[in-house]
Amino acid sequence: MTFDKWFEEQALWLKIVLLIIPFVGWVMEILIRVSAVIRKSSTLNIVGLVIGVIGNWFWSVIDLIYMIIKGQLLLVE
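Residues numbered from 1 in each chain as written. Predicted model: local features only at pLDDT ≥ 70, side-chain atom pairs only at ≥ 80, totals over all residues. Heavy atoms only, no water.

Our next topic: the overall build of the protein. Along the backbone of the protein there are four helices and zero strands. Mapped from its N terminus to its C terminus, the protein presents α and β elements in the order α-α-α-α. Relative to a compact globule of 77 residues, whose C-alpha radius of gyration would be 11 Å, the protein shows 11 Å and is just as compact. Each principal axis of the C-alpha atoms in the protein carries an extent, and together these give about 30 × 25 × 20 Å. For the protein, the residues scored as buried account for 32% of the 77 residues in total. Across the protein, contacts joining residues at least 24 apart in sequence account for 60% of those joining residues at least 6 apart. Here the protein displays about 4600 Å² of accessible surface, and carbon together with sulfur accounts for 74% of that area. Side-chain charges of the protein comprise 6 positive and 6 negative groups, with the mean position of each set lying 4 Å from the other. (Helix = DSSP H or I, 4+ residues; strand = E, 2+ residues; numbered from the N terminus. Rg over C-alpha atoms; globule rule 2.2 N^0.38 Å. Buried < 20%, exposed > 50% of the residue type's maximum accessible area, 1.4 Å probe, protein only. Contact = heavy atoms within 4.5 Å. Areas by Shrake-Rupley, 256 points an atom, 1.4 Å probe, with all protein chains shown as cover. Lys, Arg positive; Asp, Glu negative; His and termini not counted. Charge placed at Lys NZ, Arg CZ, Asp CG, Glu CD.)

Moving on to the packing of helix α2 (residues 12–20) against helix α3 (residues 22–39). For the pair α2 and α3, the least separation of the axes is 5 Å and the interaxial angle reads 110°. Viewed along their axes, α2 and α3 adopt a mutual orientation that is roughly perpendicular. Residues L18, L19 and I20 of α2 form the contact with α3, whose participating residues are P22, V24, G25, M28 and E29. Along the lines of polarity and charge, the residues of the contact of α2 with α3 split into six nonpolar, one polar and one charged. (Axes fitted to C-alpha atoms, helices over the stretch in contact; angles between N-to-C directions. Parallel < 35°, antiparallel > 145°, perpendicular 65-115°, else oblique. Nonpolar A, V, L, I, M, F, W, Y, C, P; charged D, E, K, R; others polar.)

This part covers the nonpolar core. Within the largest apolar cluster, ten residues are counted, these being F7, L18, L19, M28, I32, A36, L64, M67, L73 and V76. At the level of secondary structure, the elements contributing two or more residues to this core comprise α2, α3 and α4 (43–70). Among the elements that line this core, the one with the most residues is α3, at three residues. Setting aside anything within four residues of it in sequence, one finds V76 in contact with R33, A36 and N45. (Core = buried A, V, L, I, M, F, W, Y, C linked by side-chain atoms within 4.5 Å.)

Written out as structure tokens, the structure reads:
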């Protein structure tokens, strides 16, 4: 599963749109994080997945801001 790599290849504006839409953004984050854990099951990826599932909306806002600044999601290798 290489969904995280596909997401990273997209333009920044498309990433923002995919994360801003309420339910779609949360599903996208879960898919990206699960894909990252499957591809490379490091502690950072696993912690990011757990926080992403538990944090819901609050974590999505933090991820969106971090992605706008750095270009990638927080806690994903």
